[in-house]
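# Results of the structural survey
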Amino acid sequence: MTSSAAVVAASTFSLAEAQSGRTPAAGPFAVRAGEGRPGGQWLVHGEKVFTTKVSGADVGKTFAIIEVHTPPGLGPELHVHPAQNELIFVLKGSIGLQCGSDRTILRAGDAFMAPLNVPHAYVTLGTEPAHMLHLFNPAGDMEGFFADYAPLVSVDGEPDHQKLAEVSEKHGVKVVGPPLMASSFAS
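Anyway, here's the lowdown on the structure attached to this text. All residue numbers refer to positions counted from 1 along the written sequence of the respective chain. Per-residue local features of the predicted model are confined to residues with pLDDT of at least 70, and side-chain atom pairs are confined, for both listing and counting, to 80 or more; whole-chain, interface and lining totals are unaffected and use all residues. Side-chain metrics rest on all non-hydrogen atoms present in the structure, leaving aside hydrogens and water.

### Looking at unusual backbone geometry
Between N137 and P138 the backbone carries a cis peptide bond, its omega angle lying at -10 degrees. Structurally, P138 can be placed in the loop between β10 (130-137) and α2 (142-153). Positive phi outside glycine occurs at K61, with the angle close to 65 degrees. Helix and strand assignments follow DSSP, with helices taken as H or I runs no shorter than four residues and strands as E runs no shorter than two, numbered in order from the N terminus. Positionally, K61 belongs in the loop between β2 (47-54) and β3 (64-70). One non-glycine residue, N117, lies in positive phi territory at about 70 degrees. Tracing the backbone shows N117 in the loop between β8 (111-114) and β9 (120-125). Burial classes: relative accessible area under 20% of the type maximum marks a residue as buried, over 50% as exposed, and values in between as partly exposed (1.4 Å probe, protein chains only). Residue N117 is classed as partly exposed on the basis of its relative accessible area of 47%.

Below you can see the structure in the form of structure tokens.
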């Protein structure tokens, strides 16, 4: 492609993006193991538990990818994303997952898509942390959620579930039930 053709193609793409109401995606980038996008790493008990791999701001808010490490026996409360689909891809470990009334066990290499407005939660099974990628489509405010959520679960003992519910509501997540128990899943 000649340089003038590239300029025309780029201009056309920019016009199409502007007309669609979406902001253009960031240029190409790599995010190395153990790293996250700027401002997108949150610690729980001194460990990098939530890491933004692709920020909603990188891709015009079309999606966000968050890397999550969840210790054994833990997981989020049963919740709903009224405006987002959530795909969970298990990289390491295993989780018990409930979506609606369906329950399943996911292991490394498995993926599950929880559609918007369907209650879902997971709990890490076994003795090793689960290592997952969570893709949210559209991005919503999940990065803001994890930034506010991480300090609340970085406590000794049981976190304040009222504060967790407030953070969830603030960022467009509706808590509809308690966390799952690992003992309720046969391995």
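Past the structure itself, the notes keep going.
### A short note on the pattern of salt bridges
A carboxyl oxygen of Asp or Glu within 4 Å of a side-chain nitrogen of Lys or Arg is what we treat as a salt bridge. A full pass over the atoms with the stated rule returns three salt bridges. Across the pair R37 and D58 runs a salt bridge whose closest N-O atoms are separated by 2.8 Å. Separated by 21 residues along the polypeptide, R37 in the loop between α1 (3-20) and β1 (41-44) and D58 in the loop between β2 and β3 bring together distant segments of the chain. The same class applies to R37 as to D58, namely buried. Note that D148 is salt-bridged to K170, the shortest N-O span being 3.0 Å. Within this pair, whereas D148 is found in helix α2, its partner K170 is found in helix α3 (residues 161-170), the two being separated by 22 residues in sequence. Of the residues examined, D148 reaches a relative accessible area of 27% and is grouped as partly exposed. Residue classification places K170 among the exposed residues on the basis of a relative accessible area of 59%.

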